[in-house]
Amino acid sequence: ALERTLSIIKPDAVAKNVIGEIYTRFEKAGLKVVASKMKQLSKQEAEGFYAVHRERPFFAALVNFMISGPVMIQALEGDNAVTKNRDLMGATNPKEAAAGTIRADFADSIDANAVHGSDSLENAAIEIAYFFPATDVYAR
Ligand code: CMP
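In this convention, every chain numbers its residues from 1, walking through the sequence in written order. The predicted origin of the model limits local features to residues at a pLDDT of at least 70 and limits the giving and counting of side-chain atom pairs to 80 or more, whereas totals for whole chains, interfaces and linings rest on all residues. Hydrogens are left out, water is left out, and the side-chain values use all remaining heavy atoms of the structure.

Looking at an unreviewed UniProt entry, the protein chain carries the name Nucleoside diphosphate kinase, with the source organism given as Solilutibacter silvestris.

In structure tokens:
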């Protein structure tokens, strides 16, 4: 089914100058960028985005990492977009990520793991709305 998902290129991958290489992977997989912006997240924005992880031991480190530099945020649209994007990303821990995935190729650690992607269609809608008003998402 045609779906949308939220993707974030994290500060480590922005710093490595691989935004274009990651966008190329989306495009080659048939995912279209339907909204996009670069942003330096505030602590409050990062905490709100990752609120489901608030009680996890890695929460403070996660938030501090996500505000350590600008991120590139995009909504992706395509057939089966949620799962397709997660397949492109690879496992959360780059040590476990399959060869050829974004995290295997660009991530350094479970914290600095290059990209975020929505884990379900339900969360995708919530996460897209967190960063983009409906008028800033362009059906294509
Ligand atoms: P992300 O998909 O952005 O969602 C939450 C992030 O927390 C995750 O990627 C990792 O970068 C980070 N993280 C750090 N430690 C862990 C852990 N033990 N399990 C899951 N996520 C972790």
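The rest of the description comes next.
## Concerning the site of the ligand
The nearness test applies per residue and asks whether one of its heavy atoms lies within 4 Å of the molecule or strand. Taken together, Lys 10, Tyr 50, His 53, Phe 58, Leu 62, Thr 92, Arg 103, Ile 110, Asp 111, Asn 113 and His 116 are the residues near the ligand. Separating an oxygen atom of the ligand from a side-chain N or O atom of Tyr 50 is a distance of 2.6 Å. In the analysis that follows, any N or O atom pair within 3.5 Å is treated as a polar contact, provided that within protein one partner can donate a hydrogen and the other can accept it, and provided that, for residues neighboring in sequence, both atoms belong to side chains. Within the side chain of Asn 113, an N or O atom sits 3.2 Å from an oxygen atom of the ligand. To measure how exposed things are, a 1.4 Å probe is used in the Shrake-Rupley method; for residues, cover is taken only from the protein chains shown. Burial of the ligand by the protein chains amounts to 79% of its free accessible area of 450 Å². Tallied by class, residues from the shell around the ligand come to four nonpolar, four polar and three charged. Side-chain classes follow a simple rule in which Ala, Val, Leu, Ile, Met, Phe, Trp, Tyr, Cys and Pro form the nonpolar group, Asp, Glu, Lys and Arg form the charged group, and the remainder, Gly included, forms the polar group.

## A few points about the pairing of strand E3 (residues 71-79)
Here is the key point about a regular strand: its side chains alternate between the two faces of the sheet. Within E3, eight of the nine residues are buried, leaving the element largely enclosed by the surrounding structure. We treat two strands as partners when DSSP finds at least two bridges between them. We count a stretch as a helix when DSSP gives it H or I for four or more residues in a row; a strand needs E for two or more, and each element gets its number in order from the N terminus. As paired elements, strand E1 (residues 2-9) and E3 share eight bridges and run antiparallel to each other. For Thr 5, the partnering residue across the bridge sits in E3 and is Leu 76. Sheet topology places strand E2 (residues 32-39) next to E3; seven bridges connect them, and they run antiparallel. Considered in E3, the bridge of Lys 32 is made with Glu 77. Any residue under 20% of the maximum accessible area for its type is buried, any over 50% is exposed, and the rest in between are partly exposed; the area is computed with a 1.4 Å probe on protein chains only.

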